[in-house]
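# Results of the structural survey
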Amino acid sequence: MWKETLIVEGPYYFEGVLDRLLLDPLQAVDLSQRTIKVPLFLSTGPHVITVQACGSTEDPSFLLSGNQEESRLEAIQRIEEIFGWRSSLKGINEHFRQTALKPLFDAHHGTALVLDFDYFGNLTKSIIHQQLNLKFAYVLTTRFVQSFGFQKDGAWFYPRPETVAALTVEQLRELQFSGRKAEYIIGLANEIVEGRLELEPLKDASDEEVIAALTKVRGIGKWTAESFLLFALGRSNIFPKADIGIQNALKQIMQLEQKPTMEEMAGFMQAYEPYSSYAALYLWRSIEKRSEKIK
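I will try to describe carefully the structure that is included in this document. (Residues numbered from 1 in each chain as written. Predicted model: local features only at pLDDT ≥ 70, side-chain atom pairs only at ≥ 80, totals over all residues. Heavy atoms only, no water.)

So, about the overall build of the protein chain. Per the secondary structure count, the protein chain includes 14 helices and seven strands. In summary, the protein chain has a C-alpha radius of gyration of 19 Å against a globular reference of 19 Å for 295 residues, a match within 12%. Each principal axis of the C-alpha atoms in the protein chain carries an extent, and together these give about 50 × 50 × 35 Å. The buried share of the protein chain, reckoned over its 295 residues, is 51%. Sequence separation of 24 or more characterises 65% of the internal contacts of the protein chain that already satisfy a separation of 6 or more. Total accessible area computed for the protein chain in this model is approximately 13900 Å², and 48% of it derives from carbon and sulfur atoms. Averaging the positions of the 32 positive and the 38 negative side-chain charges in the protein chain gives two centres separated by 5 Å. (Helix = DSSP H or I, 4+ residues; strand = E, 2+ residues; numbered from the N terminus. Rg over C-alpha atoms; globule rule 2.2 N^0.38 Å. Buried < 20%, exposed > 50% of the residue type's maximum accessible area, 1.4 Å probe, protein only. Contact = heavy atoms within 4.5 Å. Areas by Shrake-Rupley, 256 points an atom, 1.4 Å probe, with all protein chains shown as cover. Lys, Arg positive; Asp, Glu negative; His and termini not counted. Charge placed at Lys NZ, Arg CZ, Asp CG, Glu CD.)

This is how it looks when you write it as structure tokens:
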């Protein structure tokens, strides 16, 4: 068992991070203890790292713990990447205080862009969520993970591509997948298993190259590719203009009579660059249901 305390530059509102993660029933979050169990696939296999907040929003610190000492450094580096601890939110917050989104950045002060724990998990979840209401999307995702993934130390791991590639459409149909969505999920897994799509090298590719590589796969369009850029790779300047949630949030905060057009969305984005991803995150946050009033 190892433990490590990390001090992070504030602001960093960890309760806000946990509250957003609680939208997903698969997440092992304990709000009272300010902890989350993070399932990671590391070079030595699957590991569960417990992250506990110790400090405040303005002076954040975190206690990390895991079971295998040999994976300590790799685990810490990945956790830092996932939770965005390698960069400061100060400059981003100041940038948006000069824009019409100031009320959102005041209301959700210190909320970070947190990544999905696994690249393949991010893509499968995005495909499952396509064209579904949020509640049923999470129900379907939970069925998928609990049927074909595995649990360790209280945290759920998404199934590996090899596992999914071996599934049949009928097996997913039994979980209430549509036939087409089942084909997309299995097809994506086959692309990876057979070597036509490699996800790890996409870390070093440009945004355009990532979108081009992913949209070659049946069932992955620009929205899913942009979600991968945002929540798998953590790119800072992604603004999904076609996302209905973002459009509705902008309509609300800008007090528009109708949802903004693509041209209007592009105009808004100019004020958000080079941090458009944070504009998207805070706009989504403004319309998401809270698990409870924490702040």
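Read on for the rest.
We now examine the packing of aromatic side chains. According to the stated counting rule, one finds 17 aromatic pairs in the structure shown. Ring geometry for Tyr12 against Phe62: centres 5.7 Å apart, planes inclined by 85°, an arrangement best described as edge-to-face. Taken together, the positions of Tyr12 in the loop between β1 (2-7) and α1 (14-21) and Phe62 in strand β5 (residues 61-66) put the pair 50 residues apart, joining distant regions of the chain. A relative accessible area of 3% means that Tyr12 is categorised as buried. Take Phe62: its relative accessible area is 1%, and that puts it in the buried class. For the ring pair Phe41 and Phe150, a centre distance of 6.2 Å and an interplane angle of 75° mean the geometry is edge-to-face. Of the two residues, Phe41 sits in strand β3 (residues 35-42) while Phe150 sits in strand β6 (residues 150-152), which places them 109 residues apart along the sequence. Looking at Phe41, the relative accessible area reads 28%, which means it is partly exposed. We classify Phe150 as partly exposed; its relative accessible area is 31%. (Phe/Tyr/Trp six-rings, centres within 6.5 Å; stacked < 30°, edge-to-face > 60°.)

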